[in-house]
Every structure is written in structure tokens, then in C-alpha cells.
Amino acid sequence: MQHTANPRSLNSPQKPSETDANNAHPSDAHTSDAHPSLSASPPEPKQPEPKQSVLKHPGIKSYVRRTGRLTHAQREALDALWPRYGIDAAHVAQGLSDWWQSPVPLTVEIGFGDGDCLSTLAARHPERHYVGFEVHDPGVGHALLMAKRLGLNNLRLLHADAQAILTECFPAQCLDEVLIYFPDPWHKKRHHKRRLVQPEFVRLLAKLCKPNAYVRLATDWAPYAEWMLSVFSGALAFDNIASPGPFTPRPPERPQTKFERRGLRLGQSAWDLCFRRNQLPWDADA
Ligand SMILES: C[S@@+](CC[C@H](N)C(=O)[O-])C[C@H]1O[C@@H](n2cnc3c(N)ncnc32)[C@H](O)[C@@H]1O
């Protein structure tokens, strides 16, 4: 079957401002899709009210569209393997409700890139469930190929904007672990609002995390590391577990990604952070 442009996440038209590759990570600027539920059109009269987004700027995207080239194998994987590993944006609850109700711990990775880290962890921990979000077509194709190669049964992929789907579809207290590794740093001050890690987003994570759930982050951009630290330090629902801190040593169990290896070759360091959800209400600092 011929793969057409991402029918899974129902593309919205591209805005010129989203293509500004100058604003993205130096090594990565990505093609992506907006979740249809982010559109400004009002709900049909008889449909239930959509859940109100807890994000202050729900229309601002933390990624850039990029016309990445799909290899033949990735294109085939997007068609052939999607039914096995993928969950369409329109059917998230249907696809994940069994896992949400299951006692098996659930890890979510936001922006899995090529899926190296996610699929390696899923292979290493068959006793856990893994859900990954990515908007970049070749990355999703690559992750599908890895999932098949490793014979994974505990991995599901969403080819969609994590902020939209987590806000609108995920129930409270369903996550045991959140991974955010090397998110786009958005260097320029006027683009800091596009950084994924924002107080509103951390509040959303607090809502979705079970007590004692971990949020693990890494970045190779020192100012973003400080930013992450500052945002999480302002979130009463999370405790920094770094000791003496504020950053944790690189966890040996965190698989290295192509992206991280490239940074290391260029002499860049990485900062790791880890926060644990405490017992306070998720909106304690609202
Ligand atoms: C700099 S790359 C790092 C990828 C990967 N974590 C790694 O370490 O190789 C950041 C990734 O996050 C993805 N991303 C950013 N915002 C996202 C969002 N809201 N939902 C899903 N993916 C997102 C981008 O498409 C991009 O692939």
C-alpha cells in the first residue's frame, strides 16, 4: 500500500512561522502534524464539550515542521507496521485503556526521535508498557522498524503532538514514568515560549503522573538545563531527587541516542535531571 502523508494524525495546514529552522535545534528541525482537536473551530452543537486545555498556549508547538526524507523501508513500515504498533490520534482511549487500567507500569517518552532509546528500553523491560510520541515521519518509521526487529509487544507509538494528546486524551494518574530526552532547546529568547518544558506543561505532567512517578530529562544545552531546573523547582508536586544535585549523574541505564552521540562527538556535554511526583495535589501551585 502506498503511504500517504500521515493520515494517522490528521494534518493541519502548515503555518509559515513553524518552518523557521533557525529557531530549532541546530541539528534537528522536524516535520510534524497538529492534532485536529487543537483547531480553533467550535464543537458541533450536539457533541460533548472538549476538555479545556490546561496549557497556557495550547496552539504553540514545541517542534518544527521539516520535510524529512523517508527511506523506502520507513515508508513501508509506516503502512505495514502501523496497525501493530501505532495508535491513531482519534482512537487514543480505545487503544490505551487496557494499559491505563493495568497494574503494569507505564512509561511515556515525549519526542522519541528515531526511537532508539524507547525501543531499547522496551526490549530491556518486558515487564513495563511503553508509549512514545513523535511527529517526525522518518523517526516514526525508524521506530516501527526497530520495534519489529526487537519483537516488541509492550510498545505503542503515537504519531502526533504529545502536548495535545496528553492534555485531551490521557486520564489523571495513569503514568509511572515520563522521559523527555534532548527536547528542542529553542535557543532564541523570543522562542523560549516554544520550549516543551513550561510551568503549564509540568502541571499537566503532575496531573497525569501517579504518586512516586518519575520524570527524567536530559539536554545538551546548558541554558535549557537551567530552565528545566527552574520550571520544576517551581512545581510543588515534584521533588528533585538529585543528591547532592541539582543535576543527576548520567544514568547508566539511559540508552545513548544518535542525537546524543553526535553531540558528544562535537564536544557537547549533557545534563540529566530527575524529579519524583510527590503526594501534593497536581494543581497545588496554581
Ligand atoms: C532534538 S530531538 C531529540 C530526539 C530524541 N529524544 C533523541 O534524543 O535523539 C527532539 C524531538 O522531539 C520531537 N518533539 C518536539 N515536540 C514534540 C511534541 N509536542 N510531540 C511529539 N514530539 C515532539 C521533535 O519532533 C524531535 O524529534
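Coordinates for the structure precede this section.
Just so it is clear, the structure is predicted and the values come from calculations on it, not from any experiment. (Residues numbered from 1 in each chain as written. Predicted model: local features only at pLDDT ≥ 70, side-chain atom pairs only at ≥ 80, totals over all residues.)

Draft legend 1. Just helix H5 (residues 137–149), in detail. Across its 13 residues, H5 extends 19 Å between first and last C-alpha, which sits within 8% of the 18 Å expected from 1.5 Å per residue. Counting buried positions over the 13 residues of H5 gives 11, a clear majority of the element. When we look at burial in H5, the residues that qualify are Asp137, Pro138, Gly139, Val140, Gly141, His142, Ala143, Leu144, Leu145, Met146 and Ala147. Packing partners of the buried residues in H5 comprise helix H1 (72–80), helix H2 (82–85), helix H4 (116–124), strand S2 (129–133) and strand S3 (155–158). Of the residues trailing H5, Gly151 is marked for its positive phi of about 65°. (Helix = DSSP H or I, 4+ residues; strand = E, 2+ residues; numbered from the N terminus. Expected span 1.5 Å × (residues − 1). Buried ≥ 20, exposed ≤ 12 C-beta atoms within 10 Å, placed from the backbone. Contact = placed C-beta atoms within 7 Å.)

Draft legend 2. Main features of the sheet that holds strand S7 (residues 271–277). Reading across the sheet, the 7 strands line up as S3-S2-S1-S4-S5-S7-S6 and stay open at both edges, with mixed pairing between neighbours. The sheet terminates laterally at S3 and strand S6 (238–240), the two strands that pair on one side only. Strand-to-strand, the axes of this sheet are offset by a mean angle of 20°, without reference to chain direction. Here strand S5 (residues 209–219) runs beside S7; their pairing, made up of 6 bridges, is antiparallel. Within S7, the residue paired with Arg216 across the bridge is Cys274. (Pairing = 2+ DSSP bridges. Axes fitted to C-alpha atoms, helices over the stretch in contact; angles between N-to-C directions.)

That's the geometry; what it means functionally is another story.
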